[in-house]
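Letter by letter, the chains look like this.
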Amino acid sequence: TQLLSLLHSLWQSLQDSLTPYSYFDVPEFLGSAAVEPNALYRHVHLYLHRSLLLSSSSPPPPRLTLSLPNSDAAAAKPSVSLSPNHSVSDAFDGHRAVWTHHADTLQDSLEERRSFSLRLPKRHAAALLPAYLAHLAAAAGHLERSSRARRLHTNGAASSAAWSSVPFCHPSTFDTLALDPGLKSRIVDDLTAFADGREFYRRTGRPWKRGYLLHGPPGSGKSSLIAAMANHLRYDVFDLELTRVNTNADLRALLIQTTNRSLIVIEDIDCSLHLTGDRGTKRRRLDDDDSSDSDSDGENQRGKVTLSGLLNFTDGLWSCCGEERIIVFTTNHVDGIDPALLRPGRMDVHVRLGACGAHAMRELVSRYVGVEDHEMLDAAEGCIRDGGAEMTPAEVGELLLRNRDDPDAAVTELAVEMKARQSEADGLRWEDSAAELSDESPRKKGRGLGWEGKVRILGRLRSLTKSESGRRGV
Ligand SMILES: Nc1ncnc2c1ncn2[C@@H]1O[C@H](COP(=O)(O)OP(=O)(O)OP(=O)(O)O)[C@@H](O)[C@H]1O
């Protein structure tokens, strides 16, 4: 046996010295007992699965293993892997890397040892290997993130500072969101730069977090934008219900339980706490650093969450207990928020969402009822461009949804509604102007209206008459 084993190793050495290739083994488990999982094996598996086996650019290897574990049956996505003792090749930097999957059954045991082996040209192996492994790790990391199941967390009863969660599967994405294209690309670019910014934040010594404030009337798409942001970044969402948090200490406890790569959302911030009044009474006591601990402790004793506690949450020392987090505040009334919360560093990006613009309206119509070109669509767009016709994306969406079986009726109703709103707005403006004209108050009288003002009011009156007749026509 010893002689045979010696001959075998001599034969191996001879082969190794003659072959033009270098081989690298990647076992599934590490250590003499082979119980510690090898992360590189998982990376190779993922990389081969997505980048090579399912790629349409290269022909698949002749044999693949398809599997669908019972626990994943609901997702109904079979996984594909390289069958044992089959190979697949990959091109990298002008060279060919060949991966082979091995599965060996151990003697006297049913146990199977699996591994991958990588074959590289021997002359270039030393130079190629580090770069190729880095490329593989980056691709696998990206795939791991994109395939990770995400969750929507919310804080439970007021008595407990704990999160509970459900799978996050909101369908809103930047593709389904009807937004002004400039605004959309600014947000996407900002999010992408943030997610890729590890090195930047490390170099500049800034905590790797970003604050967003979304403001606009109900139905302008704040929640949809949050879902699209989470889907774009593939982050978990922590939806913080401030009214269910008792004290600043609870708020801090909730914060430190949030995970990296997450979006922490506080909706309707103006309704959650009476922050402005709270701050107003304390403004004298609070210096520029609003997040002083002594203050928050004082408030804790009184048992409520305060502005200073919230500021600690957003940019105090405690806010840096993790990384890659985005904090999003939403409000319908931006004026009701204390300016301290809005400062850069706390809320870095302010996004105003309002009435549906012409581009967003066309996008919604195209998506809901498949109409790209229609005179009624032009009429509706005209009303938006002329001003006064304001409908939120939610209102436009609801109107189109009602008529989704009849595209003609949908765009006609949309044009009628826009026209009606424009006329109404013009009427209101005219009433305002008329009131101004007839106001007997000495202040207004003193200011008076010149002939230009009177002509302007007459012009408005005429356009109102016109729009009324137009409305009847529609
Ligand atoms: N920009 C948009 N593109 C496509 N659909 C939109 C858009 N904005 C809103 N909607 C539609 O309107 C519905 C309501 O929007 P959403 O809940 O996002 O508004 P919101 O501003 O968060 O409202 P609220 O302030 O009441 O929470 C969404 O379900 C979505 O279908």
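Here the structure is a predicted model, which is why all the values come from computation and not from measurement. (Residues numbered from 1 in each chain as written. Predicted model: local features only at pLDDT ≥ 70, side-chain atom pairs only at ≥ 80, totals over all residues.)

Explanation requested: the environment of Leu48 in the structure shown.
Examined against the element boundaries, Leu48 turns out to sit in helix H2 (residues 39-53). Distance in space between the C-alpha atoms of Leu48 and Ser89 is 9.6 Å, their sequence separation being 41 residues. (Helix = DSSP H or I, 4+ residues; strand = E, 2+ residues; numbered from the N terminus.)

Would you mind showing me how to read the site of the ligand here?
Taken together, 17 residues lie around the ligand, and Pro218, Gly221, Ser223, Pro393 and Ala394 are the ones closest in. Counting residues per element, the ones that place at least two in the shell around the ligand are helix H6 (222-233), helix H13 (358-369) and helix H15 (393-402). Per-class residue counts for the shell around the ligand are eight nonpolar, eight polar and one charged. Per-domain counts for the shell around the ligand show at least three residues from each of domain 2 (151-352) and domain 3 (358-473). (Near = placed C-beta within 6 Å. Nonpolar A, V, L, I, M, F, W, Y, C, P; charged D, E, K, R; others polar. Domains from an automatic or database assignment.)

Got a minute to help me understand the sheet that holds strand S14 (residues 325-331) in this structure?
Note on sheets: strands pair through backbone hydrogen bonds, and any given pair is parallel or antiparallel. The strand order across the open sheet formed by seven strands is S10-S9-S12-S13-S14-S11-S15, and the pairing between neighbours is mixed. Edge positions in the open sheet fall to strand S10 (163-167) and strand S15 (349-352), since each of these has one partner strand only. Averaged over all pairs of adjacent strands, the angle between strand axes in this sheet comes to 20°, irrespective of strand direction. Pairing geometry for strand S11 (residues 209-215) and S15, over four bridges, is parallel. Directly across from Leu213, in S15, lies its bridge partner His350. Sheet strands touched by H6: S11, strand S12 (236-239), strand S13 (262-266) and S14. Its angle to S13, the strand with the most contacts, is close to 165°. (Pairing = 2+ DSSP bridges. Axes fitted to C-alpha atoms, helices over the stretch in contact; angles between N-to-C directions. Contact = placed C-beta atoms within 7 Å.)

Quick question: what am I supposed to make of the packing of helix H7 (residues 248-257) against helix H11 (residues 307-315) here?
Axis angle and axis distance: for two packed helices, these are the angle between their axes and the distance between the axes, and together they describe the pair. The geometry of H7 relative to H11 is characterised by a closest axis approach of 9 Å and an angle of 15° between their N-to-C directions. Regarding the angle of H7 to H11, the classification is roughly parallel. Note on packing geometry: the crossing formed by H7 with H11 is right-handed. Contacts between H7 and H11 involve Asn248, Leu251, Arg252 and Leu255 from the first element and Gly309, Asn312 and Phe313 from the second. (Parallel < 35°, antiparallel > 145°, perpendicular 65-115°, else oblique. Left-handed = near helix turned anticlockwise from the far one by under 90°.)

I would appreciate a short explanation of the sheet that holds strand S8 (residues 112-121) in the present structure.
The antiparallel open sheet is built from four strands, whose spatial order is S1-S8-S7-S6. On the outer flanks of this sheet lie strand S1 (21-27) and strand S6 (87-92), each paired with one strand and no other. Each strand axis lies, on average, 25° off the axis of its neighbour in the sheet, ignoring direction. Judged from the seven bridges that link them, S1 and S8 form a sheet pairing that is antiparallel. Within S8, the position partnered with Tyr23 by the bridge is Arg119. Across the sheet, helix H3 (residues 122-147) touches S1, S6, strand S7 (95-105) and S8, and the angle it forms with S8 is around 120°.

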